[in-house]
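Structural overview for review
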Protein chains: 4
Amino acid sequence: MAFTAWFKLRNFVYNNLHNDEYETPFSRCINWFLILLIIGNVVAVLLESVNQIYSTYQFYFDIFENISIVIFSVEYVLRFWSVVEKSPFDSGWKVRWQYVTSGAAIIDLLAILPAYVNFFVHIDLRFLRTLRLLRLLKLTRYFVSLQILLRVIEREKGSFQAVIFILMIMIVMAAAGIYVVESRAQLDVFSSIPASMWWAVVTLTTVGYGDVTPITPIGRFLGALITILGVGLAALPAGILANGLANELELRKQQLELKFRDLLENCEIDIIDDEEKIENIRKDVGLSTEQTQDIVLQLIRERKEKQLEREKNKYCFCPHCGHKLPE
Amino acid sequence: MAFTAWFKLRNFVYNNLHNDEYETPFSRCINWFLILLIIGNVVAVLLESVNQIYSTYQFYFDIFENISIVIFSVEYVLRFWSVVEKSPFDSGWKVRWQYVTSGAAIIDLLAILPAYVNFFVHIDLRFLRTLRLLRLLKLTRYFVSLQILLRVIEREKGSFQAVIFILMIMIVMAAAGIYVVESRAQLDVFSSIPASMWWAVVTLTTVGYGDVTPITPIGRFLGALITILGVGLAALPAGILANGLANELELRKQQLELKFRDLLENCEIDIIDDEEKIENIRKDVGLSTEQTQDIVLQLIRERKEKQLEREKNKYCFCPHCGHKLPE
Amino acid sequence: MAFTAWFKLRNFVYNNLHNDEYETPFSRCINWFLILLIIGNVVAVLLESVNQIYSTYQFYFDIFENISIVIFSVEYVLRFWSVVEKSPFDSGWKVRWQYVTSGAAIIDLLAILPAYVNFFVHIDLRFLRTLRLLRLLKLTRYFVSLQILLRVIEREKGSFQAVIFILMIMIVMAAAGIYVVESRAQLDVFSSIPASMWWAVVTLTTVGYGDVTPITPIGRFLGALITILGVGLAALPAGILANGLANELELRKQQLELKFRDLLENCEIDIIDDEEKIENIRKDVGLSTEQTQDIVLQLIRERKEKQLEREKNKYCFCPHCGHKLPE
Amino acid sequence: MAFTAWFKLRNFVYNNLHNDEYETPFSRCINWFLILLIIGNVVAVLLESVNQIYSTYQFYFDIFENISIVIFSVEYVLRFWSVVEKSPFDSGWKVRWQYVTSGAAIIDLLAILPAYVNFFVHIDLRFLRTLRLLRLLKLTRYFVSLQILLRVIEREKGSFQAVIFILMIMIVMAAAGIYVVESRAQLDVFSSIPASMWWAVVTLTTVGYGDVTPITPIGRFLGALITILGVGLAALPAGILANGLANELELRKQQLELKFRDLLENCEIDIIDDEEKIENIRKDVGLSTEQTQDIVLQLIRERKEKQLEREKNKYCFCPHCGHKLPE
């Protein structure tokens with residue numbers, strides 16, 4: 001008895017914390033409560049850093065912090081405990097281990113760990129606050145449309161590494177160049193290549209604070225060349241991303257077409273009538289109705305043509321003399 | 001009699017204010033007059049904010065403002081009254097309600113409302129002026145090529161939300177980080193995380209005013225990392241837009257091809273001769289002639305091939321009795 | 001006699017100044033001489049603006065300027081005179097008028113006009129110099145790869161207008177907003193909306209000089225929002241251009257395929273052997289060999305398939321009994 | 001005996017230094033050692049430029065530098081000597097000459113040359129250090145993902161030249177314009193057109209240091225126009241790159257499809273089973289598995305259709321005598 005109740009409970013917890021399909025008013029409340037708590041925590045951290053506010057309301061801040069820690073800890077434990085329901089036939093601990101090593105779980109851990117560490121080793125308050133801001137990352141779980149962007153960025157990893165590499169080379173070269181030509185005029189600012197790097201970064205990223213600028217004609221000429229290179233450099237990520245997003249979309253379309261073709265071959269779908277089926281596949285892949293429609297129509301057209309051909313070859317016998325006709 | 005005159009009048013007003021197809025010299029005059037009046041209002045607001053100008057010409061400014069209010073109010077009322085003509089068979093008030101809740105109507109209302117509100121509650125003059133600038137939005141009605149851009153942006157909403165979310169996280173993190181490392185050196189500038197956010201925003205958007213910059217080596221190192229991230233971040237919208245515009249175009253092409261195919265199947269169009277029909281469809285969808293031409297040629301080619309095939313199978317006699325076979 | 005010589009001369013001039021196909025060492029010399037002269041003029045203008053240089057070498061500068069004027073004038077006259085050769089069968093003056101109203105000719109005129117105008121009405125020296133820089137535009141004639149970019153920009157005109165319109169609205173709104181919230185704190189800087197526009201432009205374009213920045217918390221909050229909008233705004237042109245360039249390329253590919261298909265249908269080209277013909281068409285359209293190759297292979301494949309089909313249908317008679325076989 | 005040993009040695013050196021396929025723990029060690037040495041050199045140069053560090057550790061810096069020179073020299077000589085193995089049947093010196101004139105070899109030479117030159121002619125220390133940073137370029141050899149980006153940039157050379165040309169014209173025009181309107185107000189800053197160019201570059205690249213800004217209303221108006229143009233200009237490279245990357249990808253896909261088709265026609269590959277073969281081709285071309293999959297499926301589909309057709313035409317007997325007809 002108790003046992004089944006136990007399983008019931010675990011399953012209930014699982015649905016409310018892990019299962020996205022499962023949507024009840026209660027589960028929605030929990031999600032919203034957690035989201036608001038996260039935002040509240042971030043706001044609290046921001047306000048605490050303002051001394052006069054902190055000194056006046058310290059008491060309430062601490063209470064809120066402690067309550068948050070408790071809630072987040074409980075959340076973590078419950079997630080850890082209930083995740084087993086995900087694949088009931090695997091050994092519970094294997095599933096749990098997979099979960100613990102997943103990105104979301106690590107973020108959850110980072111969100112509560114500093115507070116516990118702080119009990120043993122004292123952490124600089126300023127730094128501790130920053131760490132608490134990691135709780136902001138817990139929101140990523142509730143933010144779906146982030147996935148595509150991240151996948152694209154992850155897929156174009158190689159290109160971005162190349163960009164970083166180019167950037168590094170250009171920063172070092174630019175810093176060294178400006179150091180050679182400017183250090184005599186502004187010994188305090190361009191005192192060494194590492195010092196000049198600050199200017200190089202600020203310039204190549206087209207941020208241009210203006211706290212450090214070349215003043216000699218030759219320095220300005222070199223600076224002009226570097227700024228122009230900077231524009232080109234700043235253009236690389238945009239180009240890569242635009243291209244990456246386009247490819248991502250194309251890949252999804254392929255995926256969709258592929259799935260449809262398989263289903264059609266196995267006669268598991270009627271491309272014209274099974275709207276809800278098509279809708280589901282569409283959502284799985286993550287395309288807009290318009291983009292799907294195109295593929296569907298394409299398939300319908302193909303099917304029509306096939307039918308026509310079959311029509312054409314229907315007459316296997318001469319309707320006059322009844323002899324078999326060569327196809 | 002009077003009644004029909006009444007309807008005539010309403011229809012006349014409708015054509016001149018709402019109907020884009022209807023183009024007479026008079027309607028064109030009205031449009032241009034309204035456009036100039038809007039621009040005039042904006043210019044007036046800008047000049048009024050210059051004190052010496054305002055103090056000298058206050059009288060004329062006020063007159064102009066009052067006249068404008070009257071005209072815009074009349075415009076609004078007339079639009080509201082005549083919009084019924086749009087769909088004569090629905091109940092008048094339903095149509096009117098739809099109109100009132102449409103974007104354009106809301107903008108029109110916002111353009112005149114503040115002036116009326118000002119009668120009852122006194123609004124700060126500076127703020128009132130800004131509100132009057134909302135009249136500028138009335139121009140969007142006359143600006144067609146804005147539509148595509150807005151639709152793309154609206155379609156890529158999800159991606160942009162993700163970008164905003166990433167931006168928010170990075171701003172908070174960057175502000176917290178710089179606060180930790182710089183607040184000791186520049187307590188007045190990076191006095192708290194909220195205060196440091198100003199620097200974070202200015203840096204991540206690569207604006208870089210330079211009014212607030214890190215000065216400690218560690219702070220500059222962190223700043224450099226953040227600026228580099230800023231370049232990547234600033235690249236996201238460009239990439240998303242480039243991709244969005246490309247998809248928008250592709251979708252329109254699909255649309256066009258689809259329409260053509262339907263018309264062809266129902267033999268309602270002759271793809272070779274009906275230039276004006278093709279032209280109209282093209283304009284509806286909003287593609288350039290060159291982009292359309294491609295699709296048209298494609299369809300022509302297909303048709304030719306079909307004809308050839310029919311040719312091939314036309315002379316199809318039974319090899320025994322020589323009777324014609326049904327295709 | 002003299003007459004034919006006259007025509008010969010005009011034709012000779014035409015070939016050297018107008019005809020791009022015509023390439024002799026002499027015509028190349030002329031082009032290079034003109035290019036160098038233009039660059040020389042620009043350099044001269046830049047140096048003249050440095051007072052100490054100008055005062056010392058004024059004499060030489062003036063001589064160089066006068067010589068340049070003469071040469072450019074002669075160039076203009078000769079172009080004007082010889083352009084008739086372009087279409088020998090039209091009336092000379094019609095052709096000349098077309099030429100005079102063409103962009104290149106207008107640039108040429110602008111390059112020499114100010115100097116002549118200066119004889120009659122005295123122009124401020126500083127301004128006159130700037131006008132002389134218009135000679136730089138004469139280089140566009142010799143710069144081919146500029147064409148595609150300009151065509152794309154011209155084709156996306158509509159989108160760019162929309163961007164400018166959005167920019168205008170945002171500048172006015174941003175300026176008004178910052179004026180409302182900041183003018184009390186920095187009355188000298190944000191004294192009026194027009195004055196605040198400088199900050200709005202500098203911010204929305206992410207240039208961020210930092211000579212004018214909000215200092216009040218509310219002002220900085222508004223400023224942060226505007227900078228973020230600025231990033232999105234700065235992304236629009238990049239997205240539009242990326243999309244425009246892609247379409248331009250696609251249109252060229254269509255064009256190429258179209259030309260090939262026509263030639264193939266009229267059997268005027270052998271897609272496999274006529275390399276030089278293909279090469280010429282490719283250059284006309286302006287595609288890279290790789291991009292062309294793709295289309296060529298496509299066509300070859302199609303042709304092969306057609307041949308195979310013909311193969312299949314070759315046997316019109318039964319090789320055993322000699323009866324005609326149904327196709 | 002000695003001779004074969006000699007060849008063995010040379011081949012061994014070749015494999016470890018030149019041959020990328022050849023991967024033994026030893027060759028990997030060598031590569032990593034060289035990479036670390038390069039990075040170490042760069043770090044050394046950066047630190048040396050900090051005077052107090054240099055003065056204290058000068059001795060160790062010099063030793064490290066000398067050792068590096070020796071190692072890099074030996075590397076260069078060994079590469080030069082062993083490259084012959086690349087194509088054993090050509091004359092050794094021809095191969096060597098090709099190698100010496102290759103980009104990688106030139107970079108290697110530039111990395112060591114300055115140190116030797118320094119023996120004869122004394123080079124300014126600051127400048128010498130910068131030259132030593134060229135060793136950073138030696139890393140490009142080990143950085144594969146850089147290739148695509150560079151090829152794209154190289155392929156879009158024309159467009160980038162056009163951008164540079166536009167940029168040049170705009171810089172000159174902007175500088176001249178601002179010089180005309182601002183030089184009276186800020187004679188020290190905008191003293192001449194060349195001097196004003198610094199502002200023009202900083203503005204058109206949207207860097208905006210703010211060390212030089214227009215202050216007069218007319219100057220600020222002109223400045224605003226130029227900044228807006230700057231945004232458009234900064235957008236050009238991004239657009240070109242996005243387009244270039246897309247084309248590069250498309251070309252690779254063509255290449256892949258082409259290779260597959262050839263192999264299929266010569267029956268050298270089984271599109272369904274030869275996974276490793278497909279994998280190798282994929283890597284050669286440099287596409288992701290997903291992008292390849294699409295093409296493979298396409299080919300499989302085509303093959304299926306062909307088979308079906310063959311099926312259809314297989315039972316092809318003469319309707320008169322029942323003899324099999326040649327297909």
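Residues numbered from 1 in each chain as written. Chains lettered and ligands numbered in written order. Predicted model: local features only at pLDDT ≥ 70, side-chain atom pairs only at ≥ 80, totals over all residues. Heavy atoms only, no water.

1. Topic: the overall build of chain A
- Along the backbone of chain A there are 12 helices and 0 strands.
- Mapped in sequence order, the helices and strands of chain A form the string α-α-α-α-α-α-α-α-α-α-α-α.
- Each principal axis of the C-alpha distribution contributes one length, and for chain A these read about 105 × 75 × 35 Å.
- In chain A, which comprises 327 residues, the proportion classed as buried is 45%.
- For chain A, the exposed area adds up to about 17000 Å²; of that, 66% sits on carbon and sulfur atoms.
- With 33 positive and 36 negative side-chain charges, chain A shows a separation of 2 Å between the mean positions of the two kinds. (Helix = DSSP H or I, 4+ residues; strand = E, 2+ residues; numbered from the N terminus. Buried < 20%, exposed > 50% of the residue type's maximum accessible area, 1.4 Å probe, protein only. Areas by Shrake-Rupley, 256 points an atom, 1.4 Å probe, with all protein chains shown as cover. Lys, Arg positive; Asp, Glu negative; His and termini not counted. Charge placed at Lys NZ, Arg CZ, Asp CG, Glu CD.)

2. Observations concerning the domain arrangement of chain A
- With domains assigned, chain A is organised as domain 1 (2–142) and domain 2 (158–248).
- In this structure, domain 1 of chain A and domain 2 of chain A have C-alpha centres spaced 41 Å apart. (Domains from an automatic or database assignment.)

3. Quick notes on the side chain of C:S49
- With respect to the element layout, C:S49 can be found in the loop between α2 (25–48) and α3 (51–82).
- With relative accessibility at 0%, the residue C:S49 sits in the buried group.
- At 2.6 Å, the side chain of C:S49 forms a polar contact with the backbone oxygen of C:L46.
- Separated by 2.9 Å, the side chain of C:S49 and the backbone nitrogen of D:I193 make a polar contact.
- In contact with C:S49, other than residues within four places in its own chain, are C:R129, D:Y179, D:S191, D:S192, D:I193 and D:P194. (Polar contact = N/O pair within 3.5 Å; in protein donor to acceptor, adjacent residues only side chain to side chain. Contact = heavy atoms within 4.5 Å.)

4. Focus on the interface of chain D and chain C
- Contacts between the two partners involve 66 residues from chain D and, on the opposite side, 57 residues from chain C.
- Summed over both partners, the interface of chain D with chain C comes to about 4900 Å²; 72% of that surface belongs to carbon and sulfur atoms.
- Where chain D touches chain C, the interface holds 2 salt bridges.
- With a closest N to O distance of 3.7 Å, D:R220 and C:D211 form a salt bridge.
- For the pair chain D and chain C, the number of links is 4 residue pairs in polar contact (both at pLDDT 80 or more).
- Contributions of two or more residues to the side of chain D that touches chain C are made by α8 (157–182), α9 (193–204), α10 (217–265) and α12 (289–314) of chain D.
- When residues of the side of chain D that touches chain C are assigned to their parent elements, the largest contribution, 22 residues, is made by α10(D).
- Looking at side-chain class alone, the side of chain D that touches chain C contains 34 nonpolar, 22 polar and 10 charged residues. (Buried area = accessible area lost by both parts, 1.4 Å probe. Salt bridge = Lys/Arg side-chain N within 4 Å of Asp/Glu carboxyl O. Nonpolar A, V, L, I, M, F, W, Y, C, P; charged D, E, K, R; others polar.)

5. Side note on the environment of A:F7
Residue and element names in this part refer to chain A.
- Structurally, F7 is set in helix α1 (residues 2–17).
- The class for F7 is partly exposed, based on a relative accessible area of 36%.
- For the pair formed by F7 and N31, sequence separation is 24 residues and the distance between their alpha carbons is 22 Å.

6. Some thoughts on empty space enclosed by the protein
- If you walk through the whole model with that rule in mind, you get 2 cavities of 30 Å³ or more.
- Here the largest cavity defines a volume of roughly 370 Å³.
- A:T206, A:A234, B:A234, C:A234 and D:A234 are, among the 24 residues lining the largest cavity, the residues nearest its centre.
- Elements supplying a minimum of two residues to the lining of the largest cavity: α10 (217–265) of chain A, α10 (217–265) of chain B, α10 (217–265) of chain C together with α10 of chain D.
- A breakdown of the residues in the lining of the largest cavity according to their chemical character gives 16 nonpolar, 8 polar and no charged.
- As a volume, the second largest cavity reaches approximately 40 Å³.
- If you trace the second largest cavity, you find it lined by A:A238, A:G239, A:A242, B:A238, B:G239, B:A242, C:A238, C:G239, C:A242, D:A238, D:G239 and D:A242. (1 Å grid on protein atoms, 1.4 Å probe; cavity = no way out; pocket = protein on both sides within 12 Å on 5 of 7 lines; lining within 4 Å. Points joined across faces, edges and corners; volume = space filled by probe spheres on them.)

7. A look at the packing of helix α7 (residues 146–155) of chain D against α10(D)
Residue and element names in this part refer to chain D.
- Contact pair α7 / α10: the axes reach a minimum separation of 9 Å and the direction vectors enclose 110°. Our classification of the angle between α7 and α10 gives roughly perpendicular. Seen along the crossing, α7 lies across α10 with a hand that is right-handed. Contacts between α7 and α10 pair I148, L149, R151, V152, I153 and R155 from the former with L241, G244, L245, E248, L251 and R252 from the latter.
- Across the contact of α7 with α10, the residue classes tally to 7 nonpolar, 1 polar and 4 charged. (Axes fitted to C-alpha atoms, helices over the stretch in contact; angles between N-to-C directions. Parallel < 35°, antiparallel > 145°, perpendicular 65-115°, else oblique. Left-handed = near helix turned anticlockwise from the far one by under 90°.)

8. Re the pattern of salt bridges
- Throughout the structure, instances matching the rule amount to 68 salt bridges over all chains.
- The partner of B:E65 in a salt bridge is B:R135, and the shortest N-O contact between them spans 3.0 Å. Here the residue B:E65 occupies a position in helix α3 (residues 51–82), and B:R135 occupies one in the loop between α6 (125–132) and α7 (146–155), the gap between them amounting to 70 residues. With respect to class, B:E65 is no different from B:R135; both count as buried.
- A salt bridge links C:R10 to C:E85; the nearest nitrogen and oxygen atoms lie 2.9 Å apart. Placement of C:R10 in helix α1 (residues 2–17) and of C:E85 in the loop between α3 and α4 (92–100) is noted, with a sequence separation of 75 residues between them. The same class applies to C:R10 and to C:E85, which are both buried.
- Each of A:E75, A:R79, A:D108, A:K138 and A:R141 takes part in one network of salt bridges that share partners.

9. Description of the interface of chain D and chain A
- Taken together, the 50 residues of chain D in the interface contact 58 residues of chain A.
- For the pair chain D and chain A, the summed buried surface comes to about 4400 Å²; carbon and sulfur atoms form 69% of the total.
- Considering only the side of chain D, the residues that lose the most area to chain A are D:R126, D:W198 and D:Y209, jointly responsible for 17% of the buried surface there.
- Summed over the shared surface of chain D and chain A, the result is 2 salt bridges.
- Between chain D and chain A we count 4 residue pairs in polar contact (both at pLDDT 80 or more) in total.
- Considering only residue class, the side of chain D that touches chain A consists of 31 nonpolar, 9 polar and 10 charged.

10. Focus on the confidence of the model for chain A
- Here chain A averages 84 in pLDDT, and 93% of its residues register 70 or above.
- Quick note on the complex model: pTM equals 0.86, ipTM equals 0.84. (pLDDT = per-residue confidence, 0-100.)

11. Focus on a nonpolar patch on the surface
All names here are of chain A.
- On the surface, a cluster of nonpolar side chains totalling about 700 Å² of accessible area is made up of L109, L113, Y116, V117, F119, F120 and V121.
- Tracing the backbone through its elements, the reader meets F120 in helix α5 (residues 103–120).
- On the basis of relative accessibility, which here comes to 73%, the residue F120 falls in the exposed class. (Patch = residues over 30% accessible without salt bridge, like charges linked within 9 Å, V, L, I, M, F, W, Y side chains within 5 Å.)

12. Remarks on the relation of the copies chain D and chain C
- In the superposition of chain D on chain C (RMSD 0.2 Å, axial shift 0.1 Å), the rotation amounts to 90°. The symmetry that links the two subunits is that of a four-fold axis. (Least-squares fit on C-alpha atoms with pLDDT ≥ 70 in both.)

13. Regarding the relation of the copies chain D and chain A
- The operation relating chain D to chain A is a screw motion whose rotation component is 90°, with 0.0 Å of axial translation and a residual RMSD of 0.1 Å.
- A low fraction, 14%, of the interface residues of chain D reappear at the interface in chain A, so the copies pair through non-equivalent surfaces.

14. Considering the side chain of D:T292
All names here are of chain D.
- For T292, the position within the fold is in helix α12.
- Its relative accessible area of 3% is what places T292 among the buried residues.
- Setting aside chain neighbours within four positions, we find T292 in contact with L256, F260, I278, R282 and L287.

15. Quick notes on a negative patch on the surface
- Taken together, the side chains of A:E305, A:E309, C:E305, C:E309, D:E305 and D:E309 make up a negatively charged region of the molecular surface.
- For the negative patch, the secondary structure elements donating two or more residues are α12 (289–312) of chain A, α12 (289–312) of chain C together with α12 of chain D.
- Mapped onto the fold, A:E305 is located in helix α12.

16. A word on the packing of aromatic side chains
- Within this structure, the stated rule accounts for 32 aromatic pairs over all chains.
- When the ring of A:F59 is compared with that of A:Y60, the centres are 5.4 Å apart and the planes differ by 75°; the resulting orientation is edge-to-face.
- The side chain of B:R96 reaches across the aromatic face of B:W93, ending 4.7 Å from its centre. (Phe/Tyr/Trp six-rings, centres within 6.5 Å; stacked < 30°, edge-to-face > 60°. Lys NZ or Arg CZ within 6 Å of the ring centre and 35° of its normal.)

17. What about the UniProt feature "transmembrane region" (unreviewed entry) in chain A?
Residues and elements named next belong to chain A.
- Mapped onto this structure's residue numbering, the UniProt feature "transmembrane region" (unreviewed entry) falls at residues 30–47, 98–121, 133–153, 159–180, 187–209 and 221–246.
- In residues 30–47, helix accounts for 100% and strand for 0%; the two terminal C-alpha atoms are 25 Å from one another.
- In residues 221–246, helix accounts for 100% and strand for 0%; the two terminal C-alpha atoms are 39 Å from one another. (UniProt positions renumbered as here; feature names shortened; annotations may be inferred.)

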